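Listed below are the residues making up each chain.
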Amino acid sequence: MGNDSTSHTDTATPPYVEDPEALKQFVAAMPSLIVMLDAEGTVMGHSDRWDDLFEPDESGTVSFFELFSDPDDTWADTFADCVSDGETRRGYVRPLTRADGTSYWVDWEVRPWRTGAPHAEIGGVLVYLTDRTGQHRAEVTRRQVEQRFDALVDTISEGVLLMDSRGIFRDCNDAAQDVLGRSTDDIIGSRFTDDTWNGLREDGSPLPNTEFPFWRAYVERETVPDEVMGIYPPDAPPRWIRVNAQPLFHDGEDDPYAVIVCFDDITDEKLKEEALQTSRDLLSSVLSSSLDAITVLSAVRDADGRVVDFECELVNPQAEKLIGRTAGDLVGHRLRRIMPEQEENGLFDAYCEVVETGEPMETEVEYETEEGMAWFQVMAVSVEDGVAVTFRDITERKEAAQAMVAANAKLERRNRALRDFAYIASHDLQEPLRKIRAFSNLVLEDYGDAVDDTGKDYLARMQDAAERMSQLINDLLVYSRITTRAQPFETVDLNQIATNVRNDLDLRISELDGTVEIGDLPTIEADPTQIRQVIQNLIGNALKFHKPDQPPHVRVNATVESASEALQESGRLAASCSEMCRLTVADNGIGFEESHTDRIFSPFKRLHGRDEYEGTGMGLAICRRIVERHGGDISVQSRPGEGTTFTVLLPVARADNGSTPEGAQPSDLATSA
């Protein structure tokens with residue numbers, strides 16, 4: 001504000017008095033600060049308030065200008081002008097300095113007074129004063145504080161706010177604007193309880209405005225240091241700040257007149273801390289929920305730097321369960337004392353090597369537990385100057401592996417027996433049948449005239465039975481060798497395979513006046529001989545079971561599709577298959593009831609008598625076993641009189657190369673059923 005001596009005139013009629021003494025008595029009785037002066041400025045009378053404040057000299061008549069200095073004649077001119085023109089004057093916050101140098105700041109009003117008639121001469125002035133010294137000093141102090149504040153905040157990088165006793169922000173620096181995301185105009189003049197100021201506690205819950213650190217500093221009358229809080233900039237995520245709030249006091253006063261607030265932006269630090277805590281929580285969750293036992297060991301070194309022991313720093317619940325001790329019994333203790341068996345089985349030396357080389361280690365060890373001997377897979381990796389060790393119970397896996405070894409040995413014995421049977425079937429059993437056929441032929445050739453028709457019929461039946469027996473043995477041999485004497489998988493062009501089969505069956509097709517259409521077939525990885533057998537059996541069946549009054553028509557088609565998860569889950573398709581070939585062989589033959597579907601794929605099962613259709617009933621059983629060996633599936637749809645469609649699903653590519661089983665010979669596999 002400053003020295004505001006601006007005068008305001010007032011043409012109101014000045015007071016008139018018959019007797020100045022009466023006016024003096026009136027002035028003396030006034031409760032306010034008032035003095036009566038004559039035209040020369042001599043004090044004629046004053047109020048008690050004037051006496052209390054200024055203590056005028058009681059020795060005699062005193063001049064206003066003897067009590068107060070007026071170096072610029074400011075008061076003298078005001079009184080003279082008032083006496084001269086008879087107009088009242090007013091002003092605000094003008095200095096009033098006593099002769100001893102004491103200054104007062106007052107709001108003032110100067111009125112002329114007259115005696116007698118209205119046009120009588122003005123006798124002097126009445127001076128009304130209101131003491132504003134306290135307010136002026138406060139304003140001066142405020143300006144000084146603001147000046148010091150401005151000088152301070154311009155030199156620091158922290159955000160700074162100045163809040164008055166009413167909670168209104170009076171000033172801020174540029175750093176505060178950047179952190180709070182608000183302009184100076186938005187900050188200065190706003191109150192900390194305004195709706196735009198929203199805070200957060202460290203735990204993320206809302207922080208009431210009355211708990212803001214700077215208001216607490218004002219209420220509690222003491223500094224609030226290093227308080228962390230979140231603050232929301234307009235339309236932006238919260239910023240995290242660390243606040244120091246300091247109340248400011250006038251000398252001798254108990255209530256602060258302001259609070260200075262310094263804060264720095266710790267958002268990045270807070271976010272890193274939260275990310276680290278999240279990582280720690282996640283790690284703790286993983287450790288707690290892990291089915292593996294996990295321990296962290298720090299290296300203990302001697303004076304020469306050699307690792308002489310390990311100290312347990314961390315164990316998870318599974319490790320406590322495995323070791324049979326609590327974390328309190330393990331953490332902080334030496335490995336050689338709490339688990340001496342790890343030195344005996346060589347794990348201690350392995351840990352030392354991991355620490356020195358930094359290379360991870362994995363091994364299997366056998367431990368004696370309360371439930372008996374158990375196998376564990378032990379993995380150790382370097383962690384700073386120590387190791388993190390994981391123990392995984394593989395007892396069941398070891399037992400399963402041992403069981404598998406036993407099962408493989410048993411399977412090998414069965415395969416050997418099956419191979420022996422195949423040898424017997426292909427040699428020992430076939431030899432008597434060949435002799436039966438040979439001697440029956442000799443009887444017919446050498447003694448045909450001596451055998452009557454009944455005898456010839458018996459011999460013919462005997463030859464037919466021997467032939468069928470030989471075919472059954474051959475088919476059974478093929479069935480048994482699908483997996484034991486198979487060829488490796490290789491790239492197979494189904495177009496070429498199907499075309500060759502059609503060429504082989506060309507005579508049969510011509511006899512029946514039939515047709516075999518082959519569509520665009522893909523290339524897959526398979527056993528070429530076995531896939532040829534599948535296609536030959538399916539086309540051969542389609543030609544065999546034709547309608548008597550209608551030539552057979554066979555259609556062979558295929559598509560490549562993405563492997564169906566439903567088929568993989570049901571076991572009809574290998575789990576490793578990503579693409580499958582859907583091969584279909586459809587005919588216009590006699591068909592059958594689909595209730596017989598499972599039966600037609602079983603060995604030696606027939607839907608028709610041998611007198612109606614030739615065959616042993618092994619063809620489709622062989623097809624199913626070949627398809628299953630390839631990791632695929634075979635199915636059929638049919639209706640009597642409307643034909644049959646066989647669908648074969650085969651993986652397009654193999655995860656392995658389908659190598660030939662041990663002891664297999666490609667020549668051992670027959671090429672037809």
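Since the structure is predicted, the reported quantities are computational estimates derived from the model, not experimental observations.

Peer 1: Tell me what's going on with the overall build of the protein, and back it up with residues and numbers.
Peer 2: Secondary structure assignment for the protein yields 23 helices and 27 strands. Per-residue burial for the protein yields a buried fraction of 41% across its 673 residues. Considering only intrachain contacts with a sequence separation of at least 6, the fraction spanning at least 24 residues in the protein is 56%. Roughly 36,500 Å² of accessible area belongs to the protein as shown, and the carbon and sulfur atoms make up 47% of that amount.

Peer 1: Outline the confidence of the model for the protein, listing residues and values.
Peer 2: The share of residues in the protein with pLDDT of 70 or more is 81%, and the mean pLDDT across the chain is 80. Confidence, read as mean pLDDT per element, is least for strand E2 (residues 16-17) in the protein (60) and greatest for strand E22 (residues 515-518) (92). Contacts from residues 657-673, a stretch scored under 50 in pLDDT, to residues over four places away or in other chains number 42 contacts.

Peer 1: Give a description of a negative patch on the surface that names residues and reports values.
Peer 2: Taken together, the side chains of Asp72, Asp73, Asp77 and Asp81 define an acidic patch exposed on the protein surface. Relative to the helices and strands, Asp72 resides in the loop between strand E5 (68-69) and helix H4 (74-85). Note on Asp72: relative accessible area 62%, which makes it exposed.

Peer 1: Quick one: what's the story with the sheet that holds strand E15 (residues 258-265), residue by residue and with numbers?
Peer 2: Reading across the sheet, the seven strands line up as E10-E9-E15-E14-E13-E11-E12 and stay open at both edges, with antiparallel pairing between neighbours. Sheet topology places strand E10 (169-172) and strand E12 (206-207) at the edges, where each strand pairs with a single neighbour. Summarising the sheet, strand E11 (residues 199-200) and strand E13 (residues 224-231) pair through two bridges and their orientation is antiparallel. Counterpart to Leu200 in the pairing with E13 is Gly230. Sheet strands in contact with helix H8 (residues 213-220) are strand E9 (159-164), E10, E13, strand E14 (239-248) and E15, and its direction is about 140 degrees off that of E13.

Peer 1: Could you give an account of unusual backbone geometry, with specific residues and numbers?
Peer 2: The phi torsion at Asp226 lies on the positive side, around 50 degrees, for a residue other than glycine. With respect to the helices, strands and loops of the structure, Asp226 is situated in strand E13. Backbone geometry places Asp513, a non-glycine residue, at a positive phi of 55 degrees.

Peer 1: Pulling in residues and values, what's your account of H8?
Peer 2: Within an α-helix, residues lying three or four positions from one another point in the same direction, as the helix has 3.6 residues per turn. Within the span of H8, buried status applies to Pro213, Phe214, Trp215, Ala217 and Tyr218. Lining the buried residues of H8 we find E9, E10, E13, E14 and E15. Residue Arg221 follows H8 closely and has a positive phi angle near 60 degrees.

Peer 1: Kindly report on the nonpolar core, identifying the contributing residues and their values.
Peer 2: Within the largest apolar cluster, 41 residues are counted, with the highest numbers of intra-cluster contacts made by Ile535 and Ile539. The set of elements that each furnish at least two residues to this core consists of helix H18 (494-504), strand E23 (523-526), helix H20 (528-544), strand E24 (553-562), strand E25 (579-587), helix H23 (619-629), strand E26 (633-638) and strand E27 (644-651). The element that contributes the greatest number of residues to this core is H20, accounting for seven residues. Setting aside residues no more than four positions away along its own chain, Ile535 makes contact with Leu494, Ile497, Ala498, Val501 and Leu583.

Peer 1: Help me get a handle on the pairing of strand E20 (residues 386-393), residues and values and all.
Peer 2: Counting buried residues in E20 gives six out of eight residues, a clear majority hidden from the surface. Pairing of strand E16 (residues 293-301) with E20 involves six bridges; the strand directions are antiparallel. By the bridge assignment, Ser298 is partnered in E20 with Gly386. Relative to E20, strand E19 (residues 372-382) is paired through seven bridges, and the arrangement is antiparallel. Across the sheet, Gln377 pairs through a bridge with Arg392, a residue of E20.

Peer 1: Tell me about the packing of aromatic side chains, and please be specific about residues and values.
Peer 2: On inspection of all chains with the given rule, the structure shows 16 aromatic pairs. Pairing Phe310 with Phe348 gives two aromatic rings, centres 5.6 Å apart and planes at 75 degrees, and the pair type is edge-to-face. Of the two residues, Phe310 is situated in strand E17 (residues 307-315) and Phe348 in helix H14 (residues 347-357); the sequence distance between them amounts to 38 residues. Just as Phe310 is buried, Phe348 falls in that class too. Following the ring pairs from residue to residue traces out a cluster consisting of Trp50, Phe64, Phe65, Phe68, Trp75, Phe79 and Trp108. When the ring centre of Phe348 is taken as origin, the NZ or CZ atom of Arg336, which lies over that ring, is 4.4 Å away.

Peer 1: Tell me about H14, residues and numbers included.
Peer 2: Those residues of H14 not exposed but buried are Leu347, Phe348, Ala350, Tyr351, Cys352, Val354 and Val355. Once H14 finishes, Gly358 follows within two positions and takes phi at roughly 80 degrees, a positive value.

Peer 1: Just give me the short version of the sheet that holds E25, but keep the residues and values in it.
Peer 2: Note: strands within a sheet are paired through backbone hydrogen bonds, in either parallel or antiparallel orientation. Spatial strand order, E22-E24-E25-E27-E26: five strands in an open sheet with mixed pairing. Because the sheet does not close on itself, it has two edges, and the strands there are E22 and E26. Across the sheet, the axes of successive neighbouring strands diverge by a mean angle of 15 degrees, strand direction being ignored. Sheet analysis places E24 next to E25, joined by nine bridges and oriented antiparallel. In the sheet register, Arg555 faces E25, and the bridge partner there is Ala586. Taken strand by strand, H20 contacts E22, E24, E25, E26 and E27, and its axis lies near 25 degrees from that of E25.

Peer 1: Tell me what's going on with the pattern of salt bridges, and back it up with residues and numbers.
Peer 2: Applying the stated criterion to the full structure yields 27 salt bridges. As a salt-bridge pair, Glu642 and Arg639 come within 3.9 Å of each other at their nearest N and O atoms. The exposed category is assigned to Arg639, whose relative accessible area is 56%. Through salt bridges with shared partners, a single ionic network connects Arg90, Glu109 and Arg111.

Peer 1: I'd like a description of the packing of H20 against H23, backed by residues and values.
Peer 2: At a minimum axis separation of 9 Å, H20 and H23 run at an interaxial angle of 145 degrees. As H20 packs across H23, the resulting crossing turns out to be left-handed. Contacts between H20 and H23 involve Gln530, Gln533, Val534, Asn537, Leu538 and Asn541 on the former and, on the latter, Gly619, Leu620, Ile622, Cys623, Ile626, Val627 and Arg629. Taken together, the residues that form the contact of H20 with H23 break down as seven nonpolar, five polar and one charged.

Peer 1: Residues and numbers for the environment of Leu207, please.
Peer 2: With respect to the helices and strands, the residue Leu207 is situated in strand E12. When its relative accessible area of 12% is taken as the criterion, Leu207 is described as buried. The contacts of Leu207, once residues within four sequence positions are left out, are Gly199, Leu200, Arg201, Phe212 and Met229.

Peer 1: Kindly report on the pairing of strand E4 (residues 43-46), identifying the contributing residues and their values.
Peer 2: Direction of pairing for strand E3 (residues 33-38) relative to E4: antiparallel, over a ladder of three bridges. Looking at E4, one finds that Val35 is bridged to His46. Where E3 hands over to E4, the hairpin turn is made up of four residues, of which Gly41 adopts a positive phi near 90 degrees.

About the thresholds
Residues numbered from 1 in each chain as written. Predicted model: local features only at pLDDT ≥ 70, side-chain atom pairs only at ≥ 80, totals over all residues. Heavy atoms only, no water. Helix = DSSP H or I, 4+ residues; strand = E, 2+ residues; numbered from the N terminus. Buried < 20%, exposed > 50% of the residue type's maximum accessible area, 1.4 Å probe, protein only. Contact = heavy atoms within 4.5 Å. Areas by Shrake-Rupley, 256 points an atom, 1.4 Å probe, with all protein chains shown as cover. pLDDT = per-residue confidence, 0-100. Patch = residues over 30% accessible without salt bridge, like charges linked within 9 Å, V, L, I, M, F, W, Y side chains within 5 Å. Salt bridge = Lys/Arg side-chain N within 4 Å of Asp/Glu carboxyl O. Lys, Arg positive; Asp, Glu negative; His and termini not counted. Charge placed at Lys NZ, Arg CZ, Asp CG, Glu CD. Pairing = 2+ DSSP bridges. Axes fitted to C-alpha atoms, helices over the stretch in contact; angles between N-to-C directions. Core = buried A, V, L, I, M, F, W, Y, C linked by side-chain atoms within 4.5 Å. Phe/Tyr/Trp six-rings, centres within 6.5 Å; stacked < 30°, edge-to-face > 60°. Lys NZ or Arg CZ within 6 Å of the ring centre and 35° of its normal. Left-handed = near helix turned anticlockwise from the far one by under 90°. Nonpolar A, V, L, I, M, F, W, Y, C, P; charged D, E, K, R; others polar.

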